[in-house]
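Survey of secondary and tertiary structure
Residue-level listing of the chains:
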Amino acid sequence: MTTIDLVYFNAGGGHRASAVALQGAIRDAGMPWQVRLVNLFEVLDPRDAFHRFTGLRPEDYYNKRLATGWTLGLAQELKVLQAMIRLGHPTLVRRLQQHWLRTEPDMVVSLVPNFNRAMCEALASALPGVPYATVLTDLADHPPHFWIEPWIEPAHHPHQPQHFICGSARAVEQALAQGHPADRVHASSGMLIRPDFYRPPPADRAEQRRRLGLDSDRPTGLVMFGGHGAAVMEQIARELDDVPLVLVCGHNERLAKRLRALPASAPRVVLGFCTELAQHMQLCDFFIGKPGPGSLSEAVQQRLPVIVVRNALTLPQERYNAQWVLDNGVGLVLPSFRQIAKAVAEMTTRLNDFRAATARLDNRAVFELPVMLAGILEASRQVAAEPAAAAERSEATRPATALAG
């Protein structure tokens, strides 16, 4: 059976969510593949030495920063991380080579940034000809070399096809600008999100809102800052005392407890980790949060206009996403959440226009990607078969005297 490895890690939560969404999409598409989810950090540190030495896993530090809002300086820290990855490149490649030789996948699909050069080179040397695809879970390669490394001349890796699946025209342009062949740069219609975000809204929406304690007819905002929440949600809740809200805190139970204790003149619902996010989005009218590619795409798919912030605290890889919001007219971008009350007033006034803009975006990526991966896999098999076929043709056309000699 054909084996497909989907590589993820838990920094931020979006990479694993994308891997799980893709795994489900492949299953629903009926592809005859065995799909394995591969945690990259478990491959690179199988004995969990980093955790035992520091008390934290590599992604824990990053996730704590997101939850507390201590994101200032992450752009500089990212440059340090990338320098460390370049320095440790030979070691990373050796460990990944051993992993690929042991597990022998038929295709590797990366849903993580920064490590693609090492993974691709390791796969090329361990299993030449096995295709490698990077699915960008950001709307663009920002900052540079976060997702897309420059094209390596075929002489260095003549049997290693590397592909990029890009969810925006900007990302496609970036991959081509780095010299990657056009037949290995694939455009999807958006970001990969779970199939449940494509279900139709409930017919009894007003009644479901009443069951949650929300007003059936007042515009309601959904406030969410990833799977670990963010301290700024408390500030937003205070500023929007008179606005109905659904606040999703993810795994941050301490934040959820503080939000539940806040007095408010408008109804609100505070949720922890939520497995039915799509259903709760369907009961709301607009989104407030950070410009994460996943949450933005989920909100827009549910026809929720967005209010986000772009400033020095915004994660470097998410800064382009705020521009995407403006370019597509699907929401408002603020310099800080101090202006949130004014922004919500503008949003509710222009809600129909913003909703119309969200309806113009037709993101079908979760249904497109299994077909794209099947095409990549088939193309790689055809390339692998060409030398053998050429050898057979050559043998068949040799003169009889040459064969006898």
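Residues numbered from 1 in each chain as written. Predicted model: local features only at pLDDT ≥ 70, side-chain atom pairs only at ≥ 80, totals over all residues. Heavy atoms only, no water.

We now examine the overall build of the chain. A tally of regular secondary structure across the chain gives 18 helices and twelve strands. In the chain, which comprises 405 residues, the share counted as buried stands at 50%. When contacts within the chain are restricted to residue pairs at least 6 apart in sequence, those whose partners lie at least 24 apart make up 70%. Put simply, the chain shows about 19100 Å² of open surface, and 55% of that area lies on carbon and sulfur atoms. (Helix = DSSP H or I, 4+ residues; strand = E, 2+ residues; numbered from the N terminus. Buried < 20%, exposed > 50% of the residue type's maximum accessible area, 1.4 Å probe, protein only. Contact = heavy atoms within 4.5 Å. Areas by Shrake-Rupley, 256 points an atom, 1.4 Å probe, with all protein chains shown as cover.)

Attention now moves to the packing of helix α10 (residues 232-239) against helix α11 (residues 253-261). A pair of packed helices is captured by two measures, namely the crossing angle of their axes and the spacing between those axes. It is at 10 Å that the axes of α10 and α11 come closest, and there the two elements cross at 15 degrees. The angle between α10 and α11 places the two elements in the roughly parallel class. Read as a crossing pair, α10 and α11 show a hand that is right-handed. Seen from α10, the contacting residues are Met233, Glu234 and Ala237; seen from α11, they are Leu255, Arg258 and Leu259. Of the residues assigned to the contact of α10 with α11, the class counts are four nonpolar, no polar and two charged. (Axes fitted to C-alpha atoms, helices over the stretch in contact; angles between N-to-C directions. Parallel < 35°, antiparallel > 145°, perpendicular 65-115°, else oblique. Left-handed = near helix turned anticlockwise from the far one by under 90°. Nonpolar A, V, L, I, M, F, W, Y, C, P; charged D, E, K, R; others polar.)

Summed over all chains, the structure comprises 16 salt bridges. Put simply, glutamate 121 and arginine 117 hold a salt bridge, and the shortest N to O gap is 3.2 Å. Of this pair, glutamate 121 and arginine 117 both sit in helix α7 (residues 116-126), four residues apart, which is roughly one turn of the helix. On the accessibility criterion, glutamate 121 (18% relative accessible area) is buried. (Salt bridge = Lys/Arg side-chain N within 4 Å of Asp/Glu carboxyl O.)

Okay, helix α15 (residues 340-349) next. Taken together, the buried positions of α15 are occupied by Ile340, Ala343, Val344 and Met347. The buried residues of α15 occupy an angular sector of 100 degrees when projected down its axis, which confines them to one face. Those residues of α15 that are exposed and aimed more than 90 degrees away from the buried face are Lys342 and Thr349. In this structure, the buried side of α15 is in contact with α10, β10 (286-289), β11 (306-309), β12 (331-334) and α16 (351-359). (Arc of directions from axis to C-beta.)

Think of an α-helix as 3.6 residues a turn; residues three or four steps apart then line up on the same face. Burial in α11 covers these residues: Leu255, Ala256 and Leu259. Buried residues of α11, viewed axially, fall in a sector of 100 degrees; they line one side. Opposite the buried face of α11, by more than 90 degrees, sit the exposed residues Arg254, Lys257 and Ala261. Next to the buried residues of α11 lie α10, β8 (245-248) and β9 (268-271).

Our focus in this paragraph is the confidence of the model for the chain. Interpretation of the predicted coordinates at a detailed level should be avoided for regions scoring low in pLDDT. Summing up the model confidence of the chain, the mean pLDDT is 87 and the portion of residues at 70 or higher is 84%. Ignoring residues within four places in sequence, the model shows residues 49-56, a span with pLDDT below 50, making nine contacts including any to other chains. Across residues 401-405, where pLDDT falls below 50, the model places two contacts with residues more than four positions away in sequence or in other chains. (pLDDT = per-residue confidence, 0-100.)

This next bit is on the sheet that holds β8. Strand order in this open sheet of six strands is β9-β8-β7-β10-β11-β12, and the pairing throughout is parallel. Only two strands of the sheet have a single neighbouring strand rather than two, namely β9 and β12. Averaged over all pairs of adjacent strands, the angle between strand axes in this sheet comes to 15 degrees, irrespective of strand direction. One ladder, built from four bridges, connects strand β7 (residues 221-224) with β8; its direction is parallel. What sits directly across from glycine 221, in β8, is leucine 245. Against the sheet, α10 engages β7, β8, β9 and β10, with an angle of about 170 degrees to β8. (Pairing = 2+ DSSP bridges.)

This paragraph deals with the environment of arginine 268. Within the secondary structure, arginine 268 sits in strand β9. A relative accessible area of 18% means that arginine 268 is categorised as buried. Polar contacts involving the side chain of arginine 268 include one to the main-chain carbonyl oxygen of alanine 237, which spans 3.1 Å. At 3.3 Å, the side chain of arginine 268 forms a polar contact with the backbone oxygen of leucine 240. (Polar contact = N/O pair within 3.5 Å; in protein donor to acceptor, adjacent residues only side chain to side chain.)

Glancing now at the packing of aromatic side chains. On inspection of all chains with the given rule, the structure shows six aromatic pairs. With a centroid separation of 6.3 Å and 80 degrees between ring planes, the pair formed by phenylalanine 41 and phenylalanine 115 is classed as edge-to-face. Here phenylalanine 41, found in helix α2 (residues 40-44), pairs with phenylalanine 115, found in the loop between β3 (107-110) and α7; they are 74 residues apart in sequence, far enough to count as distant. A ring pair is formed by phenylalanine 146 and tryptophan 147, whose centres lie 6.2 Å apart and whose planes are at 85 degrees; its orientation type is edge-to-face. Tryptophan 147 shares its class with phenylalanine 146; the two are buried. Taken together through their ring pairs, the aromatic side chains of Phe9, Phe41 and Phe115 make up a single cluster. (Phe/Tyr/Trp six-rings, centres within 6.5 Å; stacked < 30°, edge-to-face > 60°.)

Attention now goes to the sheet that holds strand β2 (residues 33-39). Spatially, the six strands line up as an open sheet ordered β2-β1-β3-β4-β5-β6, and their pairing is parallel. Both edges of this open sheet fall to β2 and β6 (185-187), since each of them pairs with a single strand only. Averaged over all adjacent pairs, the angle separating strand axes in this sheet is 20 degrees, with direction ignored.

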